[in-house]
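# Fold and geometry: a report
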Amino acid sequence: KITAMKLDIDAPEVTESFDDSAIASGGGRLTLTKTYPRIIKSVNITLQDDGGTAAVARVINKHRTLGPLIKCYSATTLSAPNEVAGTVDAIVRGY
């Protein structure tokens with residue numbers, strides 16, 4: 001007689017990295033080369049000093065089929081930052 005059962009389902013983690021990814025003014029998506037069957041858990045980005053005006057890069061969303069949306073901003077004013085072009089390195093993790 002079975003009185004209790006616990007089922008754990010584990011999916012292998014998927015990871016890929018992006019070097020020197022150009023982000024256009026207004027934002028851009030990282031072009032995924034791997035399949036994320038469930039979710040993208042994290043997107044870690046590092047803004048590069050490429051000589052431009054970008055001071056901050058942000059992950060706007062983590063879309064698993066279109067790719068994560070990244071935007072770069074200047075530090076002209078913190079209350080109303082301007083979207084600018086920038087260059088990032090990124091690591092995407094999911095499963």
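The present account deals with the structure reproduced in this document. (Residues numbered from 1 in each chain as written. Predicted model: local features only at pLDDT ≥ 70, side-chain atom pairs only at ≥ 80, totals over all residues. Heavy atoms only, no water.)

## Details of the overall build of the protein chain
A tally of helices and strands in the protein chain yields 0 helices and 7 strands. For the protein chain, whose C-alpha radius of gyration is 18 Å, the value lies well above the compact-globule estimate of 12 Å for 95 residues. Each principal axis of the C-alpha distribution contributes one length, and for the protein chain these read about 70 × 30 × 20 Å. The 95 residues of the protein chain split such that 28% are buried. The long-range share in the protein chain, meaning contacts at least 24 apart out of those at least 6 apart in sequence, stands at 63%. Roughly 6,500 Å² of accessible area belongs to the protein chain as shown, and the carbon and sulfur atoms make up 50% of that amount. (Helix = DSSP H or I, 4+ residues; strand = E, 2+ residues; numbered from the N terminus. Rg over C-alpha atoms; globule rule 2.2 N^0.38 Å. Buried < 20%, exposed > 50% of the residue type's maximum accessible area, 1.4 Å probe, protein only. Contact = heavy atoms within 4.5 Å. Areas by Shrake-Rupley, 256 points an atom, 1.4 Å probe, with all protein chains shown as cover.)

## A few points about the pattern of salt bridges
For the structure shown, the criterion picks out 1 salt bridge. Linking Lys71 and Glu83 is a salt bridge whose minimum nitrogen-to-oxygen distance equals 3.2 Å. One end of the pair, Lys71, is in strand 5 (residues 69–74); the other, Glu83, is in strand 6 (residues 83–84), with 12 residues separating them in the sequence. Look at Lys71 and you get buried, because its relative accessible area is 18%. (Salt bridge = Lys/Arg side-chain N within 4 Å of Asp/Glu carboxyl O.)

## What to know about the sheet that holds strand 3 (residues 40–47)
Where strands meet in a sheet, backbone hydrogen bonds hold them as pairs that are either parallel or antiparallel. Strands sit in the order 1-7-3 across an open sheet of 3 strands; the sheet is antiparallel. Across the chains shown, the open sheet's two edge strands, defined by having one partner strand only, are strand 1 (14–23) and strand 3. Within the sheet, the average angular offset between the axes of one strand and its neighbour, ignoring direction, is 20 degrees. Where strand 3 meets strand 7 (residues 86–94), 7 bridges bridge the pair, whose relative direction is antiparallel. (Pairing = 2+ DSSP bridges. Axes fitted to C-alpha atoms, helices over the stretch in contact; angles between N-to-C directions.)

## A short note on the pairing of strand 7
Pairing between strand 1 and strand 7: 8 bridges, direction antiparallel. Following the sheet pairing, Ser17 is matched in strand 7 by Ile91.

## Points about the nonpolar core
The biggest cluster of nonpolar side chains holds 15 residues, and the ones touching the most others in it are Leu30 and Val92. Within the residue set of this core, elements represented by two or more residues are strand 1, strand 3, strand 5 and strand 7. Discounting residues that sit within four places of it in the chain, Leu30 has contacts with Phe18, Ser21, Val43, Leu66, Gly67, Pro68, Ile70, Ala90 and Val92. (Core = buried A, V, L, I, M, F, W, Y, C linked by side-chain atoms within 4.5 Å.)

## Some thoughts on unusual backbone geometry
Residues other than glycine seldom take positive phi values, yet Asp20 does so here, at roughly 55 degrees. Following the sequence through the fold, Asp20 ends up in strand 1. Owing to a relative accessible area of 54%, Asp20 belongs among the exposed residues under this scheme.

## Digging into the environment of Leu66
Structurally, the position occupied by Leu66 is in the loop between strand 4 (54–61) and strand 5. On a C-alpha basis, the gap between Leu66 and Leu30 in space is 8.2 Å, while along the polypeptide they are 36 residues apart. Ignoring anything within four residues of it in the chain, the contact list for Leu66 reads Arg29 and Leu30.

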